[in-house]
Amino acid sequence: MRATRDATALLTVRVARALVLAGVPVADTTGREATGGVLLVPVRTGAYRGVALGWATHPRMATIPTANRPVPAGVGDVLTYAVAATLDALGFTVRYGRQTRAHLVTAGPGDAR
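Residues numbered from 1 in each chain as written. Predicted model: local features only at pLDDT ≥ 70, side-chain atom pairs only at ≥ 80, totals over all residues. Heavy atoms only, no water.

(A) Here's a closer look at helix α1 (residues 7–21). With 15 residues, α1 extends 21 Å from end C-alpha to end C-alpha; this agrees with the ideal 21 Å at 1.5 Å per step. The complete set of buried residues in α1 reads T8, A9, L11, T12, V15, A18 and L19. Where α1 is buried, its residues contact β1 (37–43), β2 (50–56), α2 (74–89) and β6 (103–107). For α1, the N-terminal capping position is held by D6, with its side-chain oxygen 3.0 Å away from the main-chain nitrogen of T8. Count one or two residues on from α1 and you reach G23, which has phi positive near 90 degrees. (Helix = DSSP H or I, 4+ residues; strand = E, 2+ residues; numbered from the N terminus. Expected span 1.5 Å × (residues − 1). Buried < 20%, exposed > 50% of the residue type's maximum accessible area, 1.4 Å probe, protein only. Contact = heavy atoms within 4.5 Å. Polar contact = N/O pair within 3.5 Å; in protein donor to acceptor, adjacent residues only side chain to side chain.)

(B) Looking closely at the layout of surface pockets. For the largest pocket, the calculated volume is near 260 Å³. Residue lining of the largest pocket: 10 residues in total, with Y48, R95, Y96, G97 and L104 positioned closest to the centre. Considering only residue class, the lining of the largest pocket consists of five nonpolar, three polar and two charged. If you add up the space inside the second largest pocket, you get close to 190 Å³. Along the walls of the second largest pocket sit 10 residues, with T12, V26, A27, T29 and L40 positioned nearest its centre. Where the lining of the second largest pocket is concerned, the elements lending two or more residues are α1 and β1. (1 Å grid on protein atoms, 1.4 Å probe; cavity = no way out; pocket = protein on both sides within 12 Å on 5 of 7 lines; lining within 4 Å. Points joined across faces, edges and corners; volume = space filled by probe spheres on them. Nonpolar A, V, L, I, M, F, W, Y, C, P; charged D, E, K, R; others polar.)

(C) Region of the structure containing the environment of G91. Inspection of the secondary structure assignment puts G91 in the loop between α2 and β5 (93–95). Here G91 falls in the partly exposed class, since its relative accessible area comes to 25%. Sequence separation of G91 and A107 is 16 residues, and the distance between their C-alpha atoms is 8.8 Å.

(D) Main features of the side chain of T8. Here T8 lies in helix α1. Taking relative accessible area as the criterion, T8 reaches 10% and is therefore assigned buried. The residues contacting T8, other than those within four sequence positions of it, are P42, V43, R44, G50 and V51.

Laid out in structure tokens, this is it:
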């Protein structure tokens, strides 16, 4: 993604950079390799513009090894909230979802709000 395309693309790159520097893995969504980590989705439609956050569980972590059962679905929600809270602490503006599992980053540190 070219960061100069528009403000949402630039914000997506800034969010990805901040998360990588904080040690948070970013999921590879190119299909080349199955990885887990935070999902970053640029949102340019409707009243909300920004970067939606989600979580992808690595395929090898989809089951609990000692119990041989799936990881509870709520784990992804907890991790997504933790990523949103981390970005919030780093100075990003985050709109926390209430009836949704996604959260939306609308501005970076130092941006006009």
